[in-house]
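A look at the structure
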Amino acid sequence: MRIPRFYFPDHLAPGARVALPQAAAHHAVRVLRLGENDLVRLFNGDGCEYRARIVRIDKQAVVVLIESAAPLSCESPLNVLLVQGISSGERMDYTLQKSVELGVGAIQPIQAERSVVKLSGERMQKRMQHWQSVVASACEQSGRNVVPEVRPVSGLMECLGQASGVGHQASGGELRIHLSPDAELSLRDLEKPLGPVLLAAGPEGGFSDHEHAALKQCGYIAVKLGPRILRTETAALAALAALQILWGDY
Ligand code: SAH
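About the thresholds
Note that residues are indexed from 1 along each chain, following the sequence as it is written. Local features in this predicted model are restricted to residues whose pLDDT is 70 or higher, and side-chain atom pairs enter the listing and the counts only when it is 80 or higher, whereas totals over whole chains, interfaces and linings include all residues. The side-chain numbers reported here are obtained from all heavy atoms of the structure, hydrogens and water having been left aside. Numbering of helices and strands starts at the N terminus; helices are DSSP runs of H or I of at least 4 residues and strands are runs of E of at least 2. Each radius of gyration is computed over the set of C-alpha atoms, and the globule rule expresses the reference value as 2.2 Å times the number of residues to the power 0.38. The buried label applies to any residue whose accessible area, calculated with a 1.4 Å probe on protein chains only, is under 20% of its type's maximum; exposed applies above 50%, and partly exposed to all values in between. Here a residue-residue contact requires only that any non-hydrogen atoms of the pair lie within 4.5 Å. For every accessible area listed, the method is Shrake-Rupley and the probe measures 1.4 Å; residues are considered covered only by the protein chains on display. Charge counting follows a simple rule: Lys and Arg are positive, Asp and Glu are negative, and His as well as the terminal groups are ignored. To locate a charge, the coordinates of NZ of Lys, CZ of Arg, CG of Asp or CD of Glu are taken. Buried and open spaces are told apart on a 1 Å grid over the protein atoms alone, a cavity being a set of points where a 1.4 Å probe fits but cannot get out and a pocket being an open set with protein on both sides within 12 Å along at least five of seven lines. Residues with an atom within 4 Å of a point are the lining residues. Grid points are joined across faces, edges and corners, and a volume is the space filled by probe spheres set on the points. The nonpolar class holds Ala, Val, Leu, Ile, Met, Phe, Trp, Tyr, Cys and Pro. Asp, Glu, Lys and Arg form the charged class, and all remaining residues, Gly among them, are polar. In this entry, domain limits derive from an automatic or database-based domain assignment. Two N or O atoms form a polar contact when they lie within 3.5 Å of each other; inside protein one atom must be a possible hydrogen donor and the other a possible acceptor, and for residues adjacent in sequence the pair counts only when both atoms belong to side chains. Here, the term disulfide refers to a pair of cysteine sulfur atoms separated by no more than 2.5 Å. We define proximity as follows: a residue is near a molecule or strand when any one of its heavy atoms falls within 4 Å of that partner. For a cavity or pocket, the test is whether more than half of a molecule's atoms lie within 2 Å of its grid points; if they do, the molecule sits there. Two parts placed together each lose some accessible area; with a 1.4 Å probe, that loss summed over both constitutes the buried area.

This part is about the overall build of the protein chain. Helix and strand counts for the protein chain stand at six helices and 12 strands. In terms of C-alpha radius of gyration, the protein chain reaches 20 Å, essentially the compact-globule figure of 18 Å for 250 residues. Out of the 250 residues in the protein chain, the part that is buried amounts to 46%. For the protein chain, restricting intrachain contacts to residue pairs at least 6 apart in sequence, the fraction spanning at least 24 positions comes to 70%. For the protein chain, the exposed surface amounts to about 12,800 Å²; the carbon and sulfur share of it is 51%. Counting 26 positive and 26 negative side-chain charges, the protein chain places the centres of these two groups 5 Å from one another.

This is the structure:
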């Protein structure tokens, strides 16, 4: 069996003893039936993977001793920021989970004009926490030691007004792509970018004409993925896989 991996959102260092977060402790002991002396792997997003041994299991906690740390990277050389029009509940979760598996660098959820779900206040905060936990679980499963950021929900216009903040360059060599079934260009028509890719995908109903125009004005190139209309989650994920083949690590 592969050594189980858990996200531990706090400081880790060899020699330290830490209690696993509640959900991880439950999974380790009740589901995987791990016992004292068994090994686990922990990551906190700092780029390292920590090996730890279970030293105590009791009603209150599962305590592990960190034995070693190794900088293990499976990050793609292609940095993609997914600018995703918010889709309904499970569909958005699916998009986030799979985009992490496919190597996305960060996700910017967009409250698009045609987003069915309208989020604000406490509900929005809760949803963002939920999305970040979906992303962390996808990292546990996929072996990533860097946890992609789910950025605060924004409207498309505000998002377009902000600096993208992806990669090391401010905007140098950046490629902005807008997935649109009405486009003429395909991904293959584009030149390999020197910097990050910003990839915009609409919600279930697509972006409005107004949003299309704003994307164009902000330098987003409209690109089509074949002649078939894809569901929003399929479009983002197909584009990510294609980008990895073209310029990433597939
Ligand atoms: N009803 C909309 C389709 C929305 S599909 C329309 O006819 O325009 C949801 C999103 O998926 C779109 O906004 C677009 O970003 C993406 N998408 C779907 N099919 C696509 C395709 N063939 N090529 C590029 N993007 C596509």
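With that settled, consider unusual backbone geometry. In this structure, R33 takes a positive phi of about 60° despite not being glycine. Phi angles above zero are rare outside glycine, and N37 is one such case at about 85°. Take N37: it is sitting in the loop between helix 1 (22-31) and strand 3 (39-43). In this structure N37 comes out as exposed when scored by relative accessible area, which is 54%.

What follows concerns the layout of surface pockets. Empty pockets left among the atoms are what a rolling probe the size of a water molecule brings to light. Each pocket or cavity is described by its volume, and for the largest pocket that value is around 480 Å³. Every residue lining the largest pocket is counted, 22 residues in all, and those nearest its centre are R5, F6, S137, E140 and Q141. When residues of the lining of the largest pocket are assigned to their parent elements, the largest contribution, six residues, is made by helix 3 (residues 121-142). When grouped by side-chain class, the residues that make up the lining of the largest pocket number 11 nonpolar, six polar and five charged. Each of domain 1 (5-71) and domain 2 (80-247) gives at least three residues to the lining of the largest pocket. For the second largest pocket, the calculated volume is near 400 Å³. Taken together, 26 residues form the lining of the second largest pocket, with L179, P181, I229, L230 and A235 sitting closest to its centre. When contributions to the lining of the second largest pocket are tallied by element, the ones reaching two or more residues are strand 10 (175-179) and helix 6 (232-247). A class-by-class count of the residues in the lining of the second largest pocket yields 10 nonpolar, eight polar and eight charged.

The residue N145 is located in the loop between helix 3 and strand 8 (149-150) in this model. For N145 and G47, which are 98 residues apart along the polypeptide, the C-alpha to C-alpha distance reads 4.8 Å. Setting aside chain neighbours within four positions, we find N145 in contact with R5, F43, G45, D46, G47, C48, E49, L72 and E75. A distance of 2.9 Å separates the side chain of N145 from the backbone oxygen of L72, its partner in a polar contact.

Our focus in this paragraph is the state of the cysteines. Under the definition given, this model contains zero disulfides. Between C48, a cysteine without a disulfide, and C74, which holds the nearest cysteine sulfur, the sulfur-to-sulfur distance is 13 Å. Considering cysteine sulfurs only, C74 is the nearest to C139, which forms no disulfide, with 8.5 Å between them. Looking at C139, the relative accessible area reads 0%, which means it is buried.

This brings us to the site of the ligand. Looking at the ligand, there are 19 residues lining it, with L179, G202, L225, R228 and L230 nearest. One of the backbone nitrogen or oxygen atoms of G202 is found 3.0 Å away from an oxygen atom of the ligand. Summarising the interface, the protein chains cover 82% of the accessible area of the ligand, which totals 560 Å² for the free molecule. Judged by the fraction of its atoms near the pocket grid, the ligand is located in the second largest pocket. Classifying every residue of the shell around the ligand gives 10 nonpolar, six polar and three charged.

Once that is clear, we can look at the domain arrangement of the protein chain. What the domain assignment lists for the protein chain is domain 1 (5-71) and domain 2 (80-247). For domain 1 versus domain 2, the separation of C-alpha centres amounts to 32 Å. Opposite the nine residues of domain 1 that make contact, domain 2 presents eight residues. For the pair domain 1 and domain 2, the two sides together bury roughly 680 Å², of which 55% comes from carbon and sulfur. The largest share of the area that domain 1 buries against domain 2 comes from R5, Y7 and F43, three residues that together contribute 67% of it.

So, on to the side chain of S99. Looking at the element boundaries, S99 is found in helix 2 (residues 89-101). Dropping the residues within four chain positions of it, S99 is found in contact with L82, V104, I107, L237 and L240.

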